[in-house]
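Structural characterization, general
Listed below are the residues making up each chain.
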Amino acid sequence: MSSDRAKLLSSALKRLTKRPTTIMEVCGTHTVSIFRQGLRSLFPEDLKLISGPGCPVCVTPQGEIDGAVELATRKNVVMATYGDMMRVPGSNGTLGELRGSGSDVRVVLSAMETLRMAEEMPHKEIVFLAVGFETTAPATAALMIEARKRKLENLSVLCLHKRVPPALEVLSKADGNRVDGFLLPGHVAVILGHEPFKFIPEKHGIACTVAGFEADEIMLALVDLLEQIGENRPSLTSRYEKAVRPEGNVKAVDLMDRVFDTSTSAWRGIGPIDASGMSIKEEYSLWDGSRKFDVAVRNVPEPKGCRCGEILSGTITPKECPLFGTGCTPVNPIGPCMVSSEGTCSAWYRYGRKGDLKWES
Ligand code: SF4
């Protein structure tokens with residue numbers, strides 16, 4: 001974004017912010033993008049951005065992490081997952097630490113890599129630890145469809161996928177909700193399209209805009225939101241037309257529908273949310289790691305002193321956590337929000353400590 005354009009958009013934000021206004025950037029990639037591109041210095045004092053539950057690693061409850069860590073210790077199991085999961089602390093250590101002590105835990109860049117692993121190691125049980133929202137779930141679904149087709153019964157999925165719109169429903173109607181507008185997650189909207197988010201303005205009267213990840217796209221989306229708020233006409237607009245079709249990606253949704261049912265799922269810091277989970281359909285039960293290995297998921301409290309739960313519901317900012325930057329750093333993370341590359345605490349630590357964060361509470 002040129003400096004002239006930055007000045008223009010910044011003055012538009014200043015002109016449109018007529019009262020203290022809180023926008024939630026739902027997606028962790030937006031949180032990082034806003035920091036990395038220095039956009040906060042362009043915001044007026046009264047415009048406050050808070051992060052939401054849009055980091056998939058962060059919203060996975062401690063009990064589910066513990067279940068995965070326990071499964072990875074079992075004899076003959078090879079666990080494969082995305083890199084961010086390796087450093088998330090469970091009650092008894094991380095997957096990365098397990099690997100250091102001899103368990104077979106591997107990082108994959110794509111779910112499909114586990115197909116080759118299952119074929120090359122027929123005497124091992126390959127478990128893909130699947131986390132993420134509607135953005136990564138279609139790849140997991142495609143993996144399961146292919147595993148079934150190839151009759152690869154030594155491959156299974158521990159499915160921790162979650163659906164974003166039901167979480168936004170909970171936040172929208174929460175007592176004391178202080179969100180004036182949602183910067184909607186561009187990647188999720190690429191898959192789902194617009195329809196699943198329309199209930200937010202229509203039912204809850206909260207402004208919404210789908211945003212891309214470039215500086216221009218984010219700033220324009222904020223202008224859209226402030227116009228909706230100022231004119232008291234909450235609606236759903238999009239500033240990510242280059243990637244999001246209103247109907248979404250029909251093929252990806254079809255993949256998810258073939259493999260997953262909708263179920264209740266627990267979110268760290270928010271609790272159980274109806275219809276926010278993706279459970280594996282009966283016809284794919286042979287590839288369901290949770291059933292195959294009878295993985296126990298217990299209710300486990302947050303690490304002592306960690307306030308990730310409040311970060312994820314937008315109730316506090318990282319600096320309000322007493323451990324931020326002292327007991328909890330990216331090198332020695334206490335909670336998942338400091339671990340994940342999309343985590344709010346990690347973004348604040350990497351980009352926000354020096355800056356003039358005028359919008360801090
Ligand atoms: S700073 Fe660390 S301990 Fe505090 S909320 Fe963030 S991740 Fe949790």
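In what follows, the structure referred to is the one given above.
The paragraphs below set out a description of the structure included in this document. For every chain, the first residue of the written sequence is number 1, and numbering continues from 1 along that sequence. Note on the predicted model: pLDDT of at least 70 is required for a residue's local features to be given, and 80 or more for side-chain atom pairs to be given and counted; whole-chain, interface and lining totals, by contrast, use all residues. To obtain the side-chain values, all non-hydrogen atoms of the structure were included, while hydrogens and water were left out.

1. Considering the overall build of the protein chain
The test is simple: Comment: elements are numbered from the N terminus, with helices defined as DSSP H or I runs of at least four residues and strands as E runs of at least two. Relative accessibility thresholds used throughout: buried, under 20% of the residue-type maximum; exposed, over 50%; partly exposed, between the two (1.4 Å probe, protein chains only). Accessibility throughout is a Shrake-Rupley quantity obtained with a 1.4 Å probe, and a residue counts as covered only by protein chains that appear here. We count Lys and Arg on the positive side and Asp and Glu on the negative side, and we leave His and both chain ends out. Just so you know, the charge point we use is NZ for Lys, CZ for Arg, CG for Asp and CD for Glu.
Of regular secondary structure, the protein chain possesses 16 helices and 11 strands. Its C-alpha atoms put the protein chain at 65 × 45 × 40 Å along the principal axes. Looking at the 361 residues of the protein chain, the share that counts as buried comes to 56%. By element, 50% of the accessible surface of the protein chain is carried by carbon and sulfur atoms, the whole surface being about 15,300 Å². Computed over 44 positive and 44 negative side-chain charges, the separation of the two mean positions in the protein chain equals 3 Å.

2. Things to note about the nonpolar core
Definition in use: What we call a nonpolar core is a set of buried Ala, Val, Leu, Ile, Met, Phe, Trp, Tyr and Cys residues that are connected through their side-chain atoms within 4.5 Å. Contact definition: two residues touch when any of their heavy atoms are within 4.5 Å.
Within the largest apolar cluster, 97 residues are counted, with the highest numbers of intra-cluster contacts made by L95, L168, F182, I200 and F260. The element that contributes the greatest number of residues to this core is helix α7 (residues 137-149), accounting for 6 residues. Not counting residues up to four positions away in its chain, the partners in contact with F260 are A137, T140, A141, C159, H161, R163, M278, S279, I280 and K281.

3. Quick word on the site of the ligand
Stated precisely, the cut-off is as follows: The nearness test applies per residue and asks whether one of its heavy atoms lies within 4 Å of the molecule or strand. All residues other than Ala, Val, Leu, Ile, Met, Phe, Trp, Tyr, Cys, Pro, Asp, Glu, Lys and Arg, Gly among them, are scored as polar; the first ten of these are nonpolar and the last four charged.
Residues in close proximity to the ligand total 13 residues, the closest being C306, C308, C321, C328 and C345. Listing elements by their share of the shell around the ligand, those giving two or more residues are α14 (308-312) and α15 (336-339). Across the shell around the ligand, the residue classes break down as 11 nonpolar, 1 polar and 1 charged.

4. A word on the sheet that holds strand β8 (residues 207-211)
The following threshold applies: In this description, strands pair whenever DSSP reports at least two bridges between them. As a rule, the C-alpha atoms of each element are fitted with a line to give its axis, helices using only the stretch in contact, and angles between N-to-C directions run from 0 to 180 degrees.
One open sheet holds the 5 strands; their spatial order is β2-β1-β7-β8-β9, and the pairing between them is parallel. Because the sheet does not close on itself, it has two edges, and the strands there are β2 (47-51) and β9 (236-239). In this sheet, adjacent strand axes meet at a mean angle of 25° when their direction is disregarded. Here 5 bridges tie strand β1 (residues 21-25) to β2, and the two strands are oriented parallel to one another. The residue bridging E25 from the neighbouring strand is S51, located in β2. This element, helix α11 (residues 215-230), spans β1, β2, β7 (181-185), β8 and β9 of the sheet and lies at about 165° to β8.

5. Remarks on the sheet that holds strand β4 (residues 104-107)
Two modes of strand pairing occur in sheets, parallel and antiparallel, and in both the strands are linked by backbone hydrogen bonds. With parallel pairing, 4 strands are arranged side by side in an open sheet as β4-β3-β5-β6. Of all strands in the sheet, those bounded by a partner on one side alone are β4 and β6 (155-159). On average, each strand axis in the sheet is tilted by 25° relative to the strand beside it, whichever way the strands run. In this structure, strand β3 (residues 77-81) lies alongside β4, joined through 4 bridges in parallel fashion. Counterpart to M79 in the pairing with β4 is V105. Helix α6 (residues 113-120) contacts β3, β4, β5 (125-130) and β6 of the sheet and is inclined by roughly 165° relative to β5.

The values reported here are purely geometric and, on their own, carry no functional implication.
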